[in-house]
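Residues per chain, in single letters:
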Amino acid sequence: MKDIFSLQGKNAIVIGGAGGIGQAIAKGLAFYGAKVGIASRKLENLEKAAQEIQTDINKEVKIFQVDSANEDSIKALAGKVVAEMGKVDILVNSQGINIKQSALEFQMDQWDALFNVNVKGVMMCCKEFAKIMTKQNYGKIINVSSVRGARACGGGNSAYNSSKGAVDMMTRTLAVELAPFNITVNAVGPTVTETPMMTKLLTDNPALKERLTGAHPLGRLSVPEDMIGAAVFLASDASNYVTGQVIYPDGGLTAIG
Ligand SMILES: NC(=O)c1ccc[n+]([C@@H]2O[C@H](COP(=O)([O-])OP(=O)(O)OC[C@H]3O[C@@H](n4cnc5c(N)ncnc54)[C@H](OP(=O)(O)O)[C@@H]3O)[C@@H](O)[C@H]2O)c1
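From a predicted model like this one, the values you see are computed outputs, not experimental measurements.

Colleague: Teacher, can you tell me more about the sheet that holds strand β4 (residues 90-93) here?
Modeller: Strands belonging to one sheet form pairs held by backbone hydrogen bonds; the direction of such a pair is parallel or antiparallel. Here 7 strands make up an open sheet; going across it, the order is β3-β2-β1-β4-β5-β6-β7 and the pairing parallel. Taken across any chain shown, the strands that pair with only one partner, and hence form the sheet edges, are β3 (62-65) and β7 (246-247). Where strand β1 (residues 11-15) and strand β2 (residues 35-40) come together, 5 bridges link them in parallel fashion. Across the sheet, A12 pairs through a bridge with V36, a residue of β2. Against the sheet, helix α4 (residues 108-136) makes contact with β1, β4, β5 (139-144) and β6 (183-188), and its axis sits at roughly 180° relative to β4, the strand it touches most.

Colleague: Is there a simple way to think about the packing of aromatic side chains in this case?
Modeller: Aromatic ring pairs are described here by two measures, namely the spacing of the ring centres and the angle between the planes. Within the structure shown, the criterion is met by 3 aromatic pairs. Both rings, one in F31 and one in Y32, keep their centres 5.2 Å apart while their planes meet at 70°; by these two values the pair is edge-to-face. Accessibility expressed as a relative area gives 52% for F31, which makes it exposed. What makes Y32 partly exposed here is its relative accessible area of 39%. When the ring of W111 is compared with that of F115, the centres are 5.2 Å apart and the planes differ by 10°; the resulting orientation is stacked. Linking W111 with F115, this pair stays in helix α4, spanning 4 residues, or about one helical turn. An aromatic cluster is present here, built from F106, W111 and F115 joined pairwise through their rings.

Colleague: Explain a nonpolar patch on the surface to me, please; I cannot follow it from the model alone.
Modeller: A contiguous nonpolar surface patch, about 370 Å² in accessible area, is contributed by M1, I4 and F5. Mapped onto the elements, I4 comes out in the segment before β1.

Colleague: Just to check I follow, could you spell out the site of the ligand for this structure?
Modeller: Taken together, the neighbourhood of the ligand is formed by 29 residues, with R41, K42, Y160, T193 and T195 sitting nearest. With respect to the ligand, the backbone of G20 contributes an N or O atom lying 2.9 Å from an oxygen atom. The contact in question runs from an oxygen atom of the ligand to an N or O atom on the side chain of R41, over 2.7 Å. Expressed as a share of its isolated accessible area of 880 Å², the protein-covered part of the ligand is 94%.

Colleague: Looking at this model, I keep getting lost on the environment of N93. Mind explaining?
Modeller: By the secondary structure assignment, N93 is in strand β4. In terms of polar contacts, N93 uses its side chain to reach the side chain of Q95, at 3.2 Å.

What counts, and where the lines are drawn
Residues numbered from 1 in each chain as written. Predicted model: local features only at pLDDT ≥ 70, side-chain atom pairs only at ≥ 80, totals over all residues. Heavy atoms only, no water. Pairing = 2+ DSSP bridges. Helix = DSSP H or I, 4+ residues; strand = E, 2+ residues; numbered from the N terminus. Contact = heavy atoms within 4.5 Å. Axes fitted to C-alpha atoms, helices over the stretch in contact; angles between N-to-C directions. Phe/Tyr/Trp six-rings, centres within 6.5 Å; stacked < 30°, edge-to-face > 60°. Buried < 20%, exposed > 50% of the residue type's maximum accessible area, 1.4 Å probe, protein only. Patch = residues over 30% accessible without salt bridge, like charges linked within 9 Å, V, L, I, M, F, W, Y side chains within 5 Å. Areas by Shrake-Rupley, 256 points an atom, 1.4 Å probe, with all protein chains shown as cover. Salt bridge = Lys/Arg side-chain N within 4 Å of Asp/Glu carboxyl O. Near = heavy atom within 4 Å. Polar contact = N/O pair within 3.5 Å; in protein donor to acceptor, adjacent residues only side chain to side chain.

Don't take any of this as a statement about function, it's just geometry.
Structure (structure tokens):
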């Protein structure tokens, strides 16, 4: 029987690949055989992430600078990735930001800034890399959403949660539209994960950290490596008949409702 989880011969680009979750997913894809490129804005973070992956699993990853909120920058990235890697089988959108403000005071320029990265930026990356995938008649797109796309919370998260709800519907809609090209589009929905995005909030609020930990049936918060299994599955031939889904490696949080 063929190893349907193998990523040998596949090329992957991970946007936000120097972030906590993106770096773990990039490492996982490389470990299972893919040639991987990571992309984001800050070169020093990309270099550090590439070095850490090299040290951890002895795999070289390529680095690309991009501002995924800027369409020209994404177009340039797509061109560079094809020039350097030849083809793109797997796109992971792990870029994202959170701006927390009270719903009553939300500054709408900040709302737009968040949506530019979390929604429009994800759509623009899907659009540019799907164009490459249609020519190959093969592609796997994995969007990093959140449990907050489907389950609300307070704490000034109206923009963030709405953006993830949009990512979930974008995932389902692109899955339908790109299916004729043999491109699957799925998402992973992490819960609170100890990454640079969350470190300060959790360190500054030990009581919040304890409460959040207790809310998860598995009794701990997530670590970035918790995303690797779902990402490798969605990137591999094991998921060829899975599209338009959000998988929740969330310690059971969404099982509660
Ligand atoms: N951590 C959590 O608790 C949690 C929970 C659920 C979902 N998520 C989601 O998981 C994804 C990854 O988050 P994370 O926790 O790994 O956060 P992170 O460590 O802050 O990583 C975010 C990444 O996004 C990149 N990025 C931000 N804006 C960008 C832009 N305009 N262009 C290109 N890259 C950009 C950042 O790189 P540069 O700043 O260098 O550009 C960074 O590499 C996000 O979509 C987040 O919403 C996180």
